[in-house]
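Chain by chain, the residues:
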Amino acid sequence: MDIETITEDEKQAIPEFFEGRPAKTPERYLKIRNYILDQWFKSKPKYLNKTSVRPGLKNCGDVNCIGRIHTYLELIGAINFNCEQAVYNRPKVVDRSKHKEGKDILEAYQLAQRLQSMRTRKRRVRDIWGNWRDAKDLEGHTYEHLSAEELARRREEMKKHPKPCKVSRFRGSVDPFQLIPCRSFGEEVQEPFQIVVCAETLLIMDMHAHVSRSEVIGLLGGVFNKEENLLKISAAEPCNSVSTGLQCEMDPVSQTQACDVLSSLGFSVVGWYHSHPTFHPNPSVRDINTQDQFQSYFSRGGAPFIGMIVSPYDPANPSPHSQTTCLLVKASQEPSSSQKLPYRFDFKSSPDIPDWEQTMRRAQWIIHRYCQSAASVPMNRFFRKDSHLTCLEKMLSSLARYLEPLPDEEGDAFLTQIQTLFQSEFIAKQLVPDQEEGESLNISSQAAEGLAYDRLITKKQDEGRIDSDQETAYKPTETSSTTVLHMGSVLSAEHDYLL
């Protein structure tokens, strides 16, 4: 046996040293194997047992892995050859069904059976908190040596910490509505192109997101300049949505019509947008899956395709200005992972003057589409209890921010026109409960009337959730829609401005 090389048979018999583990490397395997061979050469023909080699292999591996290497070397005759105690000299259990096979085949079969019996067993040990854990999970950790009093105090502190969050019992134990924080482009993953967004696009997306408690959806039109590596998003075409009980999907007919409109204006379909009405504009697992499918479909010719998420009523955002995320998904850099990860663009605003005719056309469509919708936002209510702004005033404040790059007073007439339209065409025709004007926006109270809220999961499903300590790793999964009203987050008592 060459002391400098490792054969394929060795890798298959003792695989734990060749799986990329930090504590078990091929170099460490060579050190253990060659030390055992050297001790055999010194002690033969006397039998070399496992106990006699362990003192010289301190900090080289646990007792079991050293024993498995010893057994393998003994099985192939590299050590303890012709010794009565050797493994290959012990009585063999012969499979009677194999008695007609040749001698070589029988011996290979018996050797495979013995190697199989050497497979690694999972060893469970207690961590410093007294919990049973797999020994592998504790490899490479550094622990403090604490006194009994300090250890007891820390355990009491651990009990006060909240329990790990629960996720729904979906297939694969991954919640498709879990929000995944976007990563930033950098040296490892460079920004593939730059993005400029016109005010016309931001105005329509934000207005569309403000009027509905359910998620809204639409397509983005623009032009990609390959020479400058620049994607310019010039228009947002709102679409009808189809609620499947789990998510907001684009109506196929509306999608086709939106594509035709954008094409007639000289734009390519370069992205899509949707809203997160009452939570952060990070994409969910399902959003990432949808973005990946859109990228594959629309980017066949090499053109870029991005996604944008608008959040108008996030409880964590005290500002009247909406939050917007622009993203695309890329494969993970980990070679062993097939998951897709979201990356966020830092887009720039364009000083181009909007096409006011097209912008007003889309604004009128939004008003007429949602003024009598059961999920429409009561625009004359305060958008939060600690604010003096109504939902309409909040929306106008958010829209005004997108007009700042334009020449002075360029958008003033548009905002005045929008305010008038909402007061006469939206608020006057809106189907709202009998409330005093000026009362704060109440989203959660509408749930009892059967309205669909983003990521609102029923009590029955919540009782079936399980603990999960996994990080934000995920895989696209199938889900059951029997107990889900709609995509959404449950509003807690701390979100008082929505209650």
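Please read these numbers as outputs of a predicted model, since none were measured by experiment.

Conventions used here
- Residues numbered from 1 in each chain as written.
- Predicted model: local features only at pLDDT ≥ 70, side-chain atom pairs only at ≥ 80, totals over all residues.
- Heavy atoms only, no water.
- Helix = DSSP H or I, 4+ residues; strand = E, 2+ residues; numbered from the N terminus.
- Buried < 20%, exposed > 50% of the residue type's maximum accessible area, 1.4 Å probe, protein only.
- Contact = heavy atoms within 4.5 Å.
- Areas by Shrake-Rupley, 256 points an atom, 1.4 Å probe, with all protein chains shown as cover.
- Disulfide = S-S within 2.5 Å.
- Pairing = 2+ DSSP bridges.
- Expected span 1.5 Å × (residues − 1).
- Core = buried A, V, L, I, M, F, W, Y, C linked by side-chain atoms within 4.5 Å.
- Polar contact = N/O pair within 3.5 Å; in protein donor to acceptor, adjacent residues only side chain to side chain.
- pLDDT = per-residue confidence, 0-100.
- Phe/Tyr/Trp six-rings, centres within 6.5 Å; stacked < 30°, edge-to-face > 60°.
- Lys NZ or Arg CZ within 6 Å of the ring centre and 35° of its normal.
- Axes fitted to C-alpha atoms, helices over the stretch in contact; angles between N-to-C directions.
- Parallel < 35°, antiparallel > 145°, perpendicular 65-115°, else oblique.
- Nonpolar A, V, L, I, M, F, W, Y, C, P; charged D, E, K, R; others polar.
- Salt bridge = Lys/Arg side-chain N within 4 Å of Asp/Glu carboxyl O.
- Left-handed = near helix turned anticlockwise from the far one by under 90°.

**Details of the overall build of the protein**
Okay, step 1: Scanning the protein for helices and strands turns up 13 helices and 17 strands.
Okay, step 2: Taken over 499 residues, the protein has a buried fraction of 43%.
Okay, step 3: Here the analysis covers contacts within the protein between residues at least 6 apart in sequence; of these, 72% occur between residues at least 24 apart.
Okay, step 4: A total of about 27,400 Å² of accessible surface is found on the protein, and carbon and sulfur atoms cover 49% of it.

**Focus on the state of the cysteines**
Okay, step 1: Considering all chains together, one arrives at 0 disulfides under this definition.
Okay, step 2: Cys-239 supplies the cysteine sulfur nearest to Cys-259, a cysteine that is in no disulfide, at a spacing of 7.5 Å.

**Observations regarding the sheet that holds strand β13 (residues 340–345)**
Okay, step 1: In space, the 9 strands of this open sheet follow the order β4-β13-β12-β11-β10-β6-β7-β5-β14, with mixed pairing throughout. Because the sheet does not close on itself, it has two edges, and the strands there are β4 (183–184) and β14 (348–349).
Okay, step 2: For strand β5 (residues 194–197) and β14, the ladder comprises 2 bridges, and the chain directions are parallel. Looking at the pairing, Val-196 lines up with Lys-348 of β14.

**Points about helix α11 (residues 391–402)**
Okay, step 1: Between its first and last C-alpha, α11 extends 18 Å over 12 residues, near the 16 Å set by a 1.5 Å rise per residue.
Okay, step 2: Along α11, the residues classified as buried are Cys-391, Leu-392, Lys-394, Met-395, Leu-396, Ser-398, Leu-399 and Tyr-402.

**Some details on the pairing of strand β12 (residues 323–331)**
Okay, step 1: Pairing of strand β11 (residues 306–311) with β12 involves 5 bridges; the strand directions are antiparallel. Residue pairing in the sheet places Ser-311 in a bridge with Gln-323 of β12.
Okay, step 2: Both β12 and β13 contribute to a ladder of 6 bridges, which runs antiparallel. By the bridge assignment for β13, Leu-328 is matched with Tyr-343.

**A few points about the nonpolar core**
Across soluble globular proteins, nonpolar side chains have a tendency to be buried as a group.
Okay, step 1: Ile-306, Met-308 and Phe-422 are the most contacted members of the largest nonpolar core, which totals 52 residues.
Okay, step 2: The residues contacting Met-308, other than those within four sequence positions of it, are Val-197, Leu-202, Met-205, Leu-220, Ile-233, Trp-272, Tyr-273, His-274, Thr-324, Thr-325, Cys-326 and Phe-347.
Okay, step 3: Of all hydrophobic cores here, the second largest spans 20 residues; its members include Ala-13, Ile-14, Leu-57 and Ala-78.

**Topic: the environment of Arg-28**
Okay, step 1: In this structure, Arg-28 sits in helix α2 (residues 26–43).
Okay, step 2: Judged by its relative accessible area of 31%, Arg-28 is partly exposed.
Okay, step 3: Once the C-alpha coordinates of Arg-28 and Gly-61 are considered, the two residues, 33 residues apart in sequence, prove to be 8.2 Å apart.
Okay, step 4: Within the structure, the side chain of Arg-28 is placed 3.0 Å from the backbone oxygen of Ala-23, a separation counted as a polar contact.

**What to know about the confidence of the model for the protein**
Okay, step 1: Chain-level statistics for the protein give a pLDDT mean of 77 and a share of 70% at 70 or above.
Okay, step 2: The low-confidence segment residues 166–172 (pLDDT under 50) makes 22 contacts with residues lying over four places distant or belonging to another chain.
Okay, step 3: Segment residues 442–499: pLDDT under 50, and 155 contacts once partners within four positions in sequence are set aside and those in other chains are kept.

**Describing the packing of aromatic side chains**
Okay, step 1: What the rule picks out here adds up to 10 aromatic pairs.
Okay, step 2: With a centroid separation of 5.2 Å and an interplanar angle of 40°, the aromatic rings of Phe-422 and Phe-426 are classed as tilted. Here Phe-426 and Phe-422 lie together in helix α12 (residues 412–427), a separation of 4 residues that amounts to about one turn.
Okay, step 3: Relative accessible area serves as the criterion here: at 0%, Phe-426 is assigned to the buried category.
Okay, step 4: Feature note: the residues Phe-185, Phe-193, Phe-224, Tyr-343 and Phe-345 constitute an aromatic cluster, connected by ring pairs.
Okay, step 5: Over the ring of Phe-17 we find Lys-24, and its NZ or CZ is 6.0 Å from the ring centre.

**Some thoughts on the packing of helix α7 (residues 199–210) against helix α10 (residues 356–370)**
Okay, step 1: Packing of α7 against α10 leaves a shortest axis separation of 10 Å and a crossing angle of 5°. The orientation of α7 relative to α10 falls into the category roughly parallel. Across the interface between the two elements, Glu-200, Leu-203, Ile-204, Met-207 and His-208 from α7 touch Trp-356, Gln-358, Thr-359, Arg-362, Ala-363, Trp-365, Ile-366 and Tyr-370 from α10.
Okay, step 2: A class-by-class count of the residues in the contact of α7 with α10 yields 8 nonpolar, 3 polar and 2 charged.

**So, the side chain of Gln-39**
Okay, step 1: For Gln-39, the position within the fold is in helix α2.
Okay, step 2: Apart from the residues lying within four places of it in its own chain, the contact partners of Gln-39 are Leu-48 and Val-53.

**Brief notes about the pattern of salt bridges**
Here the idea is simple: oppositely charged side chains can pair when their charged atoms come close.
Okay, step 1: Applying the stated rule across the entire model yields 14 salt bridges.
Okay, step 2: Ionic pairing is found between Glu-10 and Arg-33, a salt bridge with its closest N-O pair at 2.9 Å. Residue Glu-10 is found in helix α1 (residues 8–13), and its partner Arg-33 is found in helix α2; the two are separated by 23 residues along the sequence.
Okay, step 3: By relative accessible area, which is 0% here, Glu-10 ends up buried.

**A short note on the packing of α2 against helix α4 (residues 63–75)**
Okay, step 1: Taken N-terminus to C-terminus, the directions of α2 and α4 make an angle of 55°; their axes are 10 Å apart at the nearest point. Between α2 and α4, the angle falls in the class oblique. Considering only the axes of α2 and α4, their crossing is right-handed. Residues Tyr-29, Ile-32, Arg-33, Ile-36 and Leu-37 of α2 pack against Ile-66, Ile-69, His-70, Tyr-72 and Leu-73 of α4.
Okay, step 2: Here the residues of the contact of α2 with α4 are counted per class, giving 8 nonpolar, 1 polar and 1 charged.

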